[in-house]
Amino acid sequence: MTHVSTNSNKKSGPKYQNTFAFQPNKNSKKTKYINSLPINGLCRRCKEIVEWRKKYKKYKPLTTPKRCVGCNEKTVKKAYHILCNKCATDKKVCAKCQELVEIVSEVDCELPIPKPFSCS
Ligand SMILES: [Zn+2]
Ligand SMILES: [Zn+2]
């Protein structure tokens, strides 16, 4: 009888997969701070842009409040926003592009989405 051994190398998959975004300093204080900043009051497109900036370390938080284009007060505390929370809420527009669109917040999947869009 010939004994057939099964010691041929089985192909094993790679232990680590690069499924995550490039994160050079994922534990740095600044990154943590930036990731903790909420993104809300923006339309879906602008939210995605800001999320993208966070993900790829292109997000530059404001160091001083910016002047709101709505009320002319230095009330804009979020980077990339041009309207303060109050003005954006009053006008029901996106605080970044000022489009009169459906505003998404952190809990965007709870809003009814008219387009054939999934939240994945
Ligand atoms: Zn304002
Ligand atoms: Zn927008």
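Residues numbered from 1 in each chain as written. Chains lettered and ligands numbered in written order. Predicted model: local features only at pLDDT ≥ 70, side-chain atom pairs only at ≥ 80, totals over all residues.

Draft legend 1. Examining the overall build of the chain more closely. Secondary structure assignment for the chain yields 3 helices and 2 strands. The order of α-helices and β-strands along the chain, N terminus first, is α-β-α-α-β. Buried positions account for 18% of the 120 residues belonging to the chain. Sequence separation of 24 or more characterises 36% of the internal contacts of the chain that already satisfy a separation of 6 or more. (Helix = DSSP H or I, 4+ residues; strand = E, 2+ residues; numbered from the N terminus. Buried ≥ 20, exposed ≤ 12 C-beta atoms within 10 Å, placed from the backbone. Contact = placed C-beta atoms within 7 Å.)

Draft legend 2. Spotlight on the nonpolar core. One finds L42, C43, L83, C84, A88 and C94 to be the most contacted residues of the largest nonpolar core, which totals 16 residues. Contributions of two or more residues to this core are made by β1 (42-43), α2 (44-55), α3 (85-91) and β2 (103-104). (Core = buried A, V, L, I, M, F, W, Y, C linked by C-beta atoms within 7 Å.)

Draft legend 3. Quick look at unusual backbone geometry. The phi dihedral of K92 is positive, around 55°, even though this residue is not glycine. Position of K92 among the secondary structure elements: in the loop between α3 and β2. Classification of K92 by C-beta neighbours within 10 Å gives exposed; the count is 10.

Draft legend 4. α2, seen in detail. With 12 residues, α2 should reach 16 Å at 1.5 Å per residue; the first-to-last C-alpha distance of 16 Å fits that figure. Those residues of α2 that fall on the buried side of the exposure criterion are C46, K47 and V50. Down the axis of α2, the sector holding all buried residues measures 100°, keeping them to one side. Those residues of α2 hidden inside the fold are in contact with β1 and β2. Directly beyond the C-terminal end of α2, a positive phi value near 60° is found at K57. (Expected span 1.5 Å × (residues − 1). Arc of directions from axis to C-beta.)

Draft legend 5. Inspection of the environment of K55 at higher detail. Inspection of the secondary structure assignment puts K55 in helix α2. Looking at K55, the number of C-beta atoms within 10 Å reads 14, which means it is partly exposed. Taking the C-alpha atoms as reference points, K55 and T31, 24 residues apart in sequence, are found 9.4 Å from one another.

Draft legend 6. Broad picture of the environment of R45. Positionally, R45 belongs in helix α2. With 49 residues separating them along the chain, R45 and C94 place their C-alpha atoms 9.7 Å apart.

Draft legend 7. Fine view of the environment of T31. Along the chain, T31 turns up in helix α1 (residues 29-36). Considering only alpha carbons, one finds T31 and K57, 26 residues apart in sequence, at a separation of 7.6 Å.

Draft legend 8. Fine view of the confidence of the model for the chain. Across the chain, pLDDT averages 79, with 64% of residues at or above 70. Summarising per-element confidence for the chain, the mean pLDDT is lowest in β2 (75) and highest in α2 (95). In the model, residues 106-114 has pLDDT below 50 throughout and makes 7 contacts with residues more than four positions away in sequence or in other chains. (pLDDT = per-residue confidence, 0-100.)

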